[in-house]
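Results of the structural survey
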Amino acid sequence: MNMINSLVIEVPKSLLLSNPKVNGANKISAVLIQLIIEKYADKDIVIVSDGDQEDFDFFFKRQSQARSLIHARYQNLGLLLQEKGLSPDLGFVSD
């Protein structure tokens, strides 16, 4: 039984964009982020990044399997979680 209802994933701006030349640690992060989104596609997923709205829109279009992707910038994460009534059960930071 999966007890996770919502999660937060940090996605640096560089990984929001489609970049086939991602390698090294960024490649590992990109693969893990994609696997987490696919596994929890039916959950509320908050994507935290320094990317702007255009970057988020581009990223979200590639994540069509996810039920609820919510974007947040670093500075408004706490407020967003409070407003949406979310208490994430899992978080992933790629650093």
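The present account deals with the structure reproduced in this document. (Residues numbered from 1 in each chain as written. Predicted model: local features only at pLDDT ≥ 70, side-chain atom pairs only at ≥ 80, totals over all residues. Heavy atoms only, no water.)

Attention shifts here to the overall build of the chain. The helix and strand inventory of the chain stands at four helices and four strands. Listing each helix as α and each strand as β along the chain from the N terminus yields β-α-α-β-α-β-α-β. Computed over C-alpha atoms, the radius of gyration of the chain comes to 13 Å, within 12% of the 12 Å expected from 2.2 N^0.38 for 95 residues, which places it in the range of a compact globule. A total of 95 residues make up the chain; the buried ones form 41% of that total. Of all intrachain contacts in the chain linking residues separated by at least 6 positions in sequence, the fraction that spans at least 24 positions is 76%. When the accessible surface of the chain is summed, it comes to about 5900 Å², and 53% of that surface belongs to carbon and sulfur atoms. One way to put it: in the chain the 10 positive side-chain charges average out to a point 5 Å from where the 12 negative ones average out. (Helix = DSSP H or I, 4+ residues; strand = E, 2+ residues; numbered from the N terminus. Rg over C-alpha atoms; globule rule 2.2 N^0.38 Å. Buried < 20%, exposed > 50% of the residue type's maximum accessible area, 1.4 Å probe, protein only. Contact = heavy atoms within 4.5 Å. Areas by Shrake-Rupley, 256 points an atom, 1.4 Å probe, with all protein chains shown as cover. Lys, Arg positive; Asp, Glu negative; His and termini not counted. Charge placed at Lys NZ, Arg CZ, Asp CG, Glu CD.)

With that settled, consider helix 2 (residues 24–39). Between its terminal C-alpha atoms helix 2 stretches 23 Å, which fits the 22 Å expected from 16 residues at 1.5 Å a residue. Of the positions making up helix 2, those classed as buried are S29, I33, I36 and I37. Seen end-on, helix 2 carries its buried residues on one side only, within an arc spanning 95°. Facing away from the buried side of helix 2, by more than 90 degrees, are the exposed residues I28 and K39. In this fold, the buried residues of helix 2 make contact with strand 1 (6–10), helix 1 (13–16), strand 2 (44–49), helix 3 (53–61) and strand 4 (90–92). (Expected span 1.5 Å × (residues − 1). Arc of directions from axis to C-beta.)

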